[in-house]
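# Structural overview for review
This is what each chain is made of:
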Number of protein chains: 2
Amino acid sequence: MMNKKAAYTVAVVGATGAVGTEMIQVLEERNFPVGELVPLASARSEGHEVMFRGQSLPVQVLEPNSFQGVDVALFSAGASVSKEFGPIAVKAGAVVIDNSSAWRMDPKVPLVVPEVNAHALSGHQGLIANPNCSTIQMVVALKPLHDAVRIKRIIVTTLQSVSGTGKDAMDELAEQTRQLLSFGEAKVEVYPYQIAFNCLPHIDDFLTNGYTKEEMKMVYETRKILGESSLPITATTVRVPVFICHSESVNIETEQKLSANEARAILAAAPGIQVYDDPGHNLYPLPIDVVGTDAVYVGRVREDESVPNGLNMWIVADNLRKGAALNAAQIAEELIR
Amino acid sequence: MMNKKAAYTVAVVGATGAVGTEMIQVLEERNFPVGELVPLASARSEGHEVMFRGQSLPVQVLEPNSFQGVDVALFSAGASVSKEFGPIAVKAGAVVIDNSSAWRMDPKVPLVVPEVNAHALSGHQGLIANPNCSTIQMVVALKPLHDAVRIKRIIVTTLQSVSGTGKDAMDELAEQTRQLLSFGEAKVEVYPYQIAFNCLPHIDDFLTNGYTKEEMKMVYETRKILGESSLPITATTVRVPVFICHSESVNIETEQKLSANEARAILAAAPGIQVYDDPGHNLYPLPIDVVGTDAVYVGRVREDESVPNGLNMWIVADNLRKGAALNAAQIAEELIR
């Protein structure tokens, strides 16, 4: 799906951000055949450097001619940057893997989680969208169950970490926590309200239907990735005072009955999933344990007695890795396979 | 339902705990006609004092003869203390309002949230159970909707504060947070894992069905309070790094259709509820705002498009007040009305 080369020139747009930093690290860890790494960012990051394979590389200011000779451009600098520079990069001959929401729902743009719908990459037109973090981890866990017993309805509540917002939000959580523990006032800048020792049922903007964009992303993106255009899904997304890793409490109804044991067996055999589910030994996925790892962790699998065929589960993944950088790198790997 | 008096002798068992402290404060705030306050606790609290109406009262060690002359005994010292001393207090002539799980599911013991089922108090036999904190706030919000359109199914995920565990847990959250911010190791004592900057999908003990006791309390207690012995309910309960106030993401299916606007109007007119729901102005209930208040706050009311008659909502209440001390005081007020 891309011309085969021994090594590729890879641009990372938003190279100094929370996800961009992780992208560069993931490319190195996974030995992606990078010939040249081109770290790009806004003028704000001029003079910054990034580390790659033990070398310090100066960050270049993103410009229309930044993509000459670039084979793969990994974008993670927000939707407006993607909208402006994505098509420019494609015109320059790069394949763009975009982590923003800019193109996700465009019917001409594949929205890909490699474990779930790598097939959607074929026939791409240069732009490929990386789904939203909260969607990625949910579809990885639900796809094998859907294949086995057809999911009829999904009800999800997320508990999302501040790194999903970016580095500023991580700093704000740390700073507010320090201020409150020294009996000061928490300074609020990134979120509408204090996030330290609090829960904010508000991620991204509100829409006229009362849902947030984040909640509707989980509905629309999940449908597109699973190829089920009318699958009933409802979401409540909540920001919690956790630095990294999103947790999700997911309830599903299925066409055929699946016991908790059968569900665990199916999940354990599926790609990209680790089952951590042994309540007797207090084994269940935790954000602090999952941070820095690649898998989607599933635990607390329980039969839901309130419907004939229902299951509850608890899904945790590193939102910077599987929820963003790792998934983008896996898409790049699929393209050069 | 109790002999009328000008003033009552009120014992508080567990007077130095998180809930006991709040109970004494609530009795004072609400001008409950307390003649004498008898603060009782275990020998560990010997020498401690509690403040009531500007006076410092020595804590007395709980003993079998502690209840002579006591009219109302408010218990909040765990199920084993309630099981041992509750019947002793009743035999001594007191009415016991018990905040533990000891008697809640006993068919002879009323389980009461005054806004919902005050009628259940009639014919009590001396023991009255205060429901679990996470149940109380949910049933206050759901009762008026159930009366209007009959709830068919409840799916709830809770985000519960550490004060539900007690003072030790509040200290542990503060201490672990300090340790982590100074790049130390978090010392884990109260919970099985670090709670600071983490989410624990584990509240109370695990049962053989994979659910925790906390989750099944929400099922069984809600059914008993609403008088619906087979109402389909499923719960996932999660501990989050918040000091006070529980938040709940609640999804309901109803017999008849209710728009979000209709639901808000019903909730706003119901006792004990404050509707905080104006996304356009970032208005929704937050733990840090609700702490220290009496109402159950409801926001994020949305029609759930994944079923014909569904609603999502976000319910926050102070678990030490409405979830425990306040509800117990309201029960006492009903008894002397």
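So, here's what we can say about the structure. Owing to the predicted nature of the structure, the values given are computational and were not obtained by experimental measurement. (Residues numbered from 1 in each chain as written. Chains lettered and ligands numbered in written order. Predicted model: local features only at pLDDT ≥ 70, side-chain atom pairs only at ≥ 80, totals over all residues. Heavy atoms only, no water.)

### Let's talk about the overall build of chain A
- Helix and strand counts for chain A stand at nine helices and 14 strands.
- By the compact-globule yardstick of 20 Å for 337 residues, chain A fits well, its C-alpha radius of gyration being 20 Å.
- In terms of principal-axis extent, the alpha carbons of chain A reach across some 60 × 55 × 40 Å.
- The 337 residues of chain A split such that 62% are buried.
- Taking the contacts inside chain A whose residues are at least 6 apart along the sequence as the reference set, 66% of them involve residues at least 24 apart.
- Approximately 12500 Å² of chain A is accessible, and the part contributed by carbon and sulfur atoms is 49%.
- Taken together, the 28 basic and 39 acidic charged side chains of chain A have centroids lying 5 Å from each other. (Helix = DSSP H or I, 4+ residues; strand = E, 2+ residues; numbered from the N terminus. Rg over C-alpha atoms; globule rule 2.2 N^0.38 Å. Buried < 20%, exposed > 50% of the residue type's maximum accessible area, 1.4 Å probe, protein only. Contact = heavy atoms within 4.5 Å. Areas by Shrake-Rupley, 256 points an atom, 1.4 Å probe, with all protein chains shown as cover. Lys, Arg positive; Asp, Glu negative; His and termini not counted. Charge placed at Lys NZ, Arg CZ, Asp CG, Glu CD.)

### A short note on the packing of aromatic side chains
- Applying the stated rule across the entire model yields twelve aromatic pairs over all chains.
- Aromatic side chains Phe206(A) and Tyr284(B) sit 6.0 Å apart centroid to centroid with 40° between the ring planes, which places their arrangement in the tilted category. Taken together, the residues span two chains, with Phe206(A) in the loop between helix H5 (167-181) and helix H6 (213-226) and Tyr284(B) in the loop between strand E12 (273-275) and helix H8 (287-290).
- For Phe206(A), a relative accessible area of 18% translates into the label buried.
- Taken together through their ring pairs, the aromatic side chains of Tyr193(A), Phe206(A) and Tyr284(B) make up a single cluster. (Phe/Tyr/Trp six-rings, centres within 6.5 Å; stacked < 30°, edge-to-face > 60°.)

### Section: the relation of the copies chain B and chain A
- When chain B is brought onto chain A, the operation consists of a screw motion whose angular component is 180° and whose axial shift is 0.0 Å, with 0.0 Å RMSD remaining. Such a combination of turn and shift is consistent with a two-fold rotation axis.
- In this assembly the copies share their binding face: 100% of the residues contributing to the interface of chain B also contribute to that of chain A. (Least-squares fit on C-alpha atoms with pLDDT ≥ 70 in both.)

### Some points on the sheet that holds strand E7 (residues 95-98) of chain A
Residue and element names in this part refer to chain A.
- Reading across from one edge, E5-E2-E1-E6-E7-E8 is the order of the six strands in this open sheet, with parallel pairing throughout. The sheet is open, and its two borders are formed by strand E5 (60-61) and strand E8 (127-129), each paired with just one other strand.
- Looking at chain direction, strand E1 (residues 8-13) and strand E6 (residues 72-75) are connected through four bridges and run parallel. Of the residues in E6, the one forming a bridge with Val13 is Phe75.
- Lying on the sheet, helix H1 (residues 18-29) is in contact with E1, strand E2 (34-41) and E6; it crosses E1 at an angle near 160°. (Pairing = 2+ DSSP bridges. Axes fitted to C-alpha atoms, helices over the stretch in contact; angles between N-to-C directions.)

### Overview of the interface of chain B and chain A
- If you look at the interface, chain B gives 54 residues, while chain A gives 55 residues.
- For the pair chain B and chain A, the summed buried surface comes to about 4700 Å²; carbon and sulfur atoms form 62% of the total.
- The tally of links from chain B across to chain A stands at eight salt bridges.
- For Glu215(A), the salt bridge identified is with Arg302(B), shortest N-O distance 3.5 Å.
- Counting across the interface, chain B meets chain A through 35 residue pairs in polar contact (both at pLDDT 80 or more).
- Secondary-structure elements contributing two or more residues to the side of chain B that touches chain A are strand E9 (151-160), helix H5 (167-181), strand E10 (233-239), strand E11 (246-254), H8, strand E13 (296-303) and strand E14 (310-317) of chain B. (Buried area = accessible area lost by both parts, 1.4 Å probe. Salt bridge = Lys/Arg side-chain N within 4 Å of Asp/Glu carboxyl O. Polar contact = N/O pair within 3.5 Å; in protein donor to acceptor, adjacent residues only side chain to side chain.)

### Examining the pattern of salt bridges
- In total, this model carries 46 salt bridges over all chains according to the counting rule given.
- Note that Asp294(A) is salt-bridged to Arg30(A), the shortest N-O span being 3.8 Å. Here Asp294(A), found in the loop between helix H8 (287-290) and strand E13 (296-303), pairs with Arg30(A), found in the loop between H1 and E2; they are 264 residues apart in sequence, far enough to count as distant.
- Residue Glu115(B) pairs with Lys322(B) through a salt bridge whose shortest N-O separation is 2.8 Å. Placement of the pair is Glu115(B) in helix H3 (residues 114-117) and Lys322(B) in helix H9 (residues 321-336), with a sequence separation of 207 residues.
- The buried category is assigned to Lys322(B), whose relative accessible area is 1%.

### Side note on the sheet that holds strand E2 (residues 34-41) of chain B
Residue and element names in this part refer to chain B.
- Taken together, the six strands give an open sheet; going across it, the order is E5-E2-E1-E6-E7-E8, and neighbouring strands pair in parallel fashion. Pairing within the sheet leaves two strands with one partner each, and these edge strands are strand E5 (60-61) and strand E8 (127-129).
- With two bridges connecting them, E2 and E5 associate as parallel partners. Considered in E5, the bridge of Leu40 is made with Gln60.
- Sheet strands in contact with helix H1 (residues 18-29) are strand E1 (8-13), E2 and strand E6 (72-75), and its direction is about 160° off that of E1.
- Packing against the sheet, H9 makes contact with E1, E6, strand E7 (95-98) and E8, and its axis sits at approximately 155° to E7.

### A word on the side chain of Ser134(A)
All names here are of chain A.
- Along the chain, Ser134 turns up in helix H4 (residues 133-149).
- You can call Ser134 buried: its relative accessible area is 0%.
- Within the structure, Ser134 has its side chain in polar contact with the side chain of Asn132 (distance 2.9 Å).
- For Ser134, the side chain forms a polar contact with the side chain of Glu214, separated by 3.1 Å.
- In this structure, Ser134 is in contact with Thr158, Gln160, Glu214, Met218, His246 and Glu248, ignoring residues within four places of it in sequence.

### Quick word on the packing of H5(A) against H5(B)
- With their axes 11 Å apart at the nearest point, H5(A) and H5(B) run at an angle of 125° to one another. Relative to H5(B), H5(A) is oriented oblique. Crossing of H5(A) over H5(B) shows left-handed handedness. Here Ala174(A), Thr177(A), Arg178(A) and Leu181(A) of H5(A) come into contact with H5(B), specifically with Ala174(B), Thr177(B), Arg178(B) and Leu181(B).
- For the contact of H5(A) with H5(B), a count of residues per class yields four nonpolar, two polar and two charged. (Parallel < 35°, antiparallel > 145°, perpendicular 65-115°, else oblique. Left-handed = near helix turned anticlockwise from the far one by under 90°. Nonpolar A, V, L, I, M, F, W, Y, C, P; charged D, E, K, R; others polar.)

### Quick look at empty space enclosed by the protein
- Scanning all chains against the criterion turns up two cavities of 30 Å³ or more.
- When its volume is computed, the largest cavity comes out at roughly 110 Å³.
- Around the largest cavity, the lining is made up of 20 residues, and of these Ile155(A), Thr157(A), Ile155(B), Thr157(B) and Ser249(B) lie nearest the centre.
- At the level of secondary structure, the elements contributing two or more residues to the lining of the largest cavity comprise strand E9 (151-160), strand E10 (233-239) and strand E11 (246-254) of chain A together with E9, E10 and E11 of chain B.
- A per-class count over the lining of the largest cavity returns eight nonpolar, twelve polar and no charged.
- Here the second largest cavity defines a volume of roughly 30 Å³.
- Grouping the amino acids of the lining of the second largest cavity by side-chain chemistry returns six nonpolar, one polar and no charged. (1 Å grid on protein atoms, 1.4 Å probe; cavity = no way out; pocket = protein on both sides within 12 Å on 5 of 7 lines; lining within 4 Å. Points joined across faces, edges and corners; volume = space filled by probe spheres on them.)

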